[in-house]
Amino acid sequence: MENDLYGEVLLDHNMHPVHKHALPTATCSHQGINPSCGDDIVLSLEIDGGRIINGSYVGSGCAISQASADIMLELIIGRTVDEALHLKALFTAMIDGSITDSELEELDEAMALQNVSHMPARVKCAMLGWKTLGFLLNEK
Amino acid sequence: MNRPIGGYLNVSGEMKMNERDVRADFPLLERYRELAYLDNAATTQKPQCVLDAVNEYYLGENSNPMRGLYDLSVKATQAYENARESVRDLIGAASCREIIFTRNATESLNLAASCLGRAIVNEGDEILITVSEHHSDLIPWQTAARERGAKLKYLECTAEGEYTVGALKAALSPRTKIFAFAAVSNVFGRANPVAEFAEVCHSNGTIVVCDGAQSVPHMKTDVGALGVDFLAFSGHKMYAPMGIGVLYGREELLEQLPPFLTGGEMIEYVTRDAATFAELPHRFEAGTVNAGGAVGLDAAIKYIRSVGIENIEKRERELTRYAFDRISGIPHVSIIGSPDPDDHHGIITFTVEGVHPHDIAALMDRDNIAVRAGHHCAQPLHQFLGVASTARMSLAFYNTEAEIDRFAESLSGLRRRMGYGE
């Protein structure tokens, strides 16, 4: 039952994050906070010529917020800013429950968070990384 | 006129505290038999007699209290004022003029802070609160201090959540106008020595405002014996509906306070340019009141009386001890506050190493166990303790050992389910 959400992919990214570290080469970074639950991350990106060539996050929070940020970075590193914004739109649609099956495929491991769409209280946890990303990219 | 309220009580005079009897009083617990509801410090479930009393008010007495001159309005007014008398009796207040109905403890504390701030706090004065106050007993004082040019000071506790009389004495100054504190902390569950604090404050000329949200539902309360000047509490944490709360204030102090909200039914005489205000307690109850809620609170107080507040306190102590026993042996689990269960009054706030409290609550939800997670409206306390957030289980007398067993079993499995080894 709990594997609906706390599945292998999510637990693995929470326990063994790939992109949780400092990023000295960052060209921009921004702090994202969910004040009511204390999720707190700083997302850093290295953007060169409209492409996200590296990215990382540091911070603390629940498994959903942390794993979601890690999975997001896995997806967007190497992509152009436009592609990353497209993925953000898809992820948002998935959480809203308005995504098609073919679009869902593009989200790859982020599909692990699909069931958050049935858990209103956890939406902001799953969205934290993506919202912070949106802030960084729209600032550019 | 004669509401058969006693007839709703389905608890026998000789209270049987075995789980079947009391749980049958609570329809929601009957409906969700699989649910272990362990979030009673947030709100309690409502017994059938309370639901019936509210229903009966709207079926047979509803009209706008205090306004009409017709029989139905007189009935509504009587029902509302009977509830006030019931509250007065519950907390041992001297007069019904000292009982103000509000929406909840938060509104009560906002009233106290706003009105006391304007009446007695001046530039350079100090307001003292504790670091573990609920935001409802913290932000109103921040606001009052800012508006009056006063200083907001914090009394700090030990790691076990204890506030001592010595520390209080040291924190008071000749300029301390108000000391506001919770009788029982909603995070530690620890009770403060209210009467001693009040005595120390009064000898310093300091007004005592007490947040009773977590104490009034669980222990005998007598404002005279406690010596507090103001006491705030919520109906919904003591088996009454949401939307009805109480502020007790000593009459001679209330008389000196300016109005809080203004409008209908709180006035005596109004001209285009000025108004004189109604007598206590109506001066502080602007607009149409929550008579249905008050009637529900009246029924809840009668229900508590039928069970016996001493029995409730005793049973909750037993359950708290039992929960401590079950939790203590579980690795990686830390209880916030005192190691003595008798300091917890049904509230056990905890952390599990490596598992975020929101994940604790979400996993427990899968096991049909309702616990709270987050900062419990006490962010400065969490900053003080150096933890971002915590999880909290909180008991009412209708909880059972079997529910606590399920909680402990779920708690033991959390780390494994989050991907840790043993």
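Everything below is about the structure printed above this text.
Owing to the predicted nature of the structure, the values given are computational and were not obtained by experimental measurement.

Cut-offs and rules
Residues numbered from 1 in each chain as written. Chains lettered and ligands numbered in written order. Predicted model: local features only at pLDDT ≥ 70, side-chain atom pairs only at ≥ 80, totals over all residues. Heavy atoms only, no water. Helix = DSSP H or I, 4+ residues; strand = E, 2+ residues; numbered from the N terminus. Rg over C-alpha atoms; globule rule 2.2 N^0.38 Å. Buried < 20%, exposed > 50% of the residue type's maximum accessible area, 1.4 Å probe, protein only. Contact = heavy atoms within 4.5 Å. Areas by Shrake-Rupley, 256 points an atom, 1.4 Å probe, with all protein chains shown as cover. Buried area = accessible area lost by both parts, 1.4 Å probe. Nonpolar A, V, L, I, M, F, W, Y, C, P; charged D, E, K, R; others polar. Salt bridge = Lys/Arg side-chain N within 4 Å of Asp/Glu carboxyl O.

Draft legend 1. Spatial organisation of the overall build of chain B. When helices and strands are tallied, chain B shows 15 helices and 15 strands. Radius of gyration (C-alpha) of chain B: 22 Å, near the 22 Å computed for a compact globule of 422 residues. Structurally, chain B occupies a C-alpha span of about 75 × 55 × 35 Å along its principal axes. The proportion of buried residues among the 422 residues of chain B is 57%. Relative to all contacts within chain B whose residues are 6 or more apart in sequence, the contacts with residues 24 or more apart total 71%. Summed over all atoms, the accessible surface of chain B reaches about 16800 Å², with 49% contributed by carbon and sulfur.

Draft legend 2. Structural detail: the interface of chain A and chain B. Across the boundary between the two partners, chain A contributes 18 residues, which contact 13 residues of chain B. Roughly 1300 Å² of surface becomes buried between chain A and chain B when both sides are summed, with 54% attributable to carbon and sulfur atoms. Of all the secondary structure elements, the ones that give two or more residues to the side of chain A that touches chain B are helix 1 (8-15) and helix 2 (63-76) of chain A. Element by element, the count of residues in the side of chain A that touches chain B is highest for helix 1 of chain A, at 3 residues. Its residues assigned to classes, the side of chain A that touches chain B shows 11 nonpolar, 3 polar and 4 charged.

Draft legend 3. Representation of the pattern of salt bridges. Residues and elements named next belong to chain B. One pass over the full model with this rule turns up 29 salt bridges over all chains. Between Asp-405 and Arg-326 there is a salt bridge, with the nearest N and O atoms lying 2.4 Å from each other. Separated by 79 residues along the polypeptide, Asp-405 in helix 15 (residues 401-417) and Arg-326 in helix 12 (residues 309-328) bring together distant segments of the chain. Ionic contacts of the salt-bridge type, sharing partners, join the residues Arg-97, Glu-251, Glu-255, Glu-279 and Arg-283 into one network.

Draft legend 4. How the structure looks around the side chain of His-376 of chain B. Within the element layout of this structure, His-376 of chain B appears in the loop between strand 14 (372-374) and helix 14 (379-385). In this view, His-376 of chain B contacts His-134, Asn-186, Val-187, Thr-349, His-382, Thr-390, Ala-391 and Arg-392 of chain B; residues no more than four positions away in its chain are not counted.

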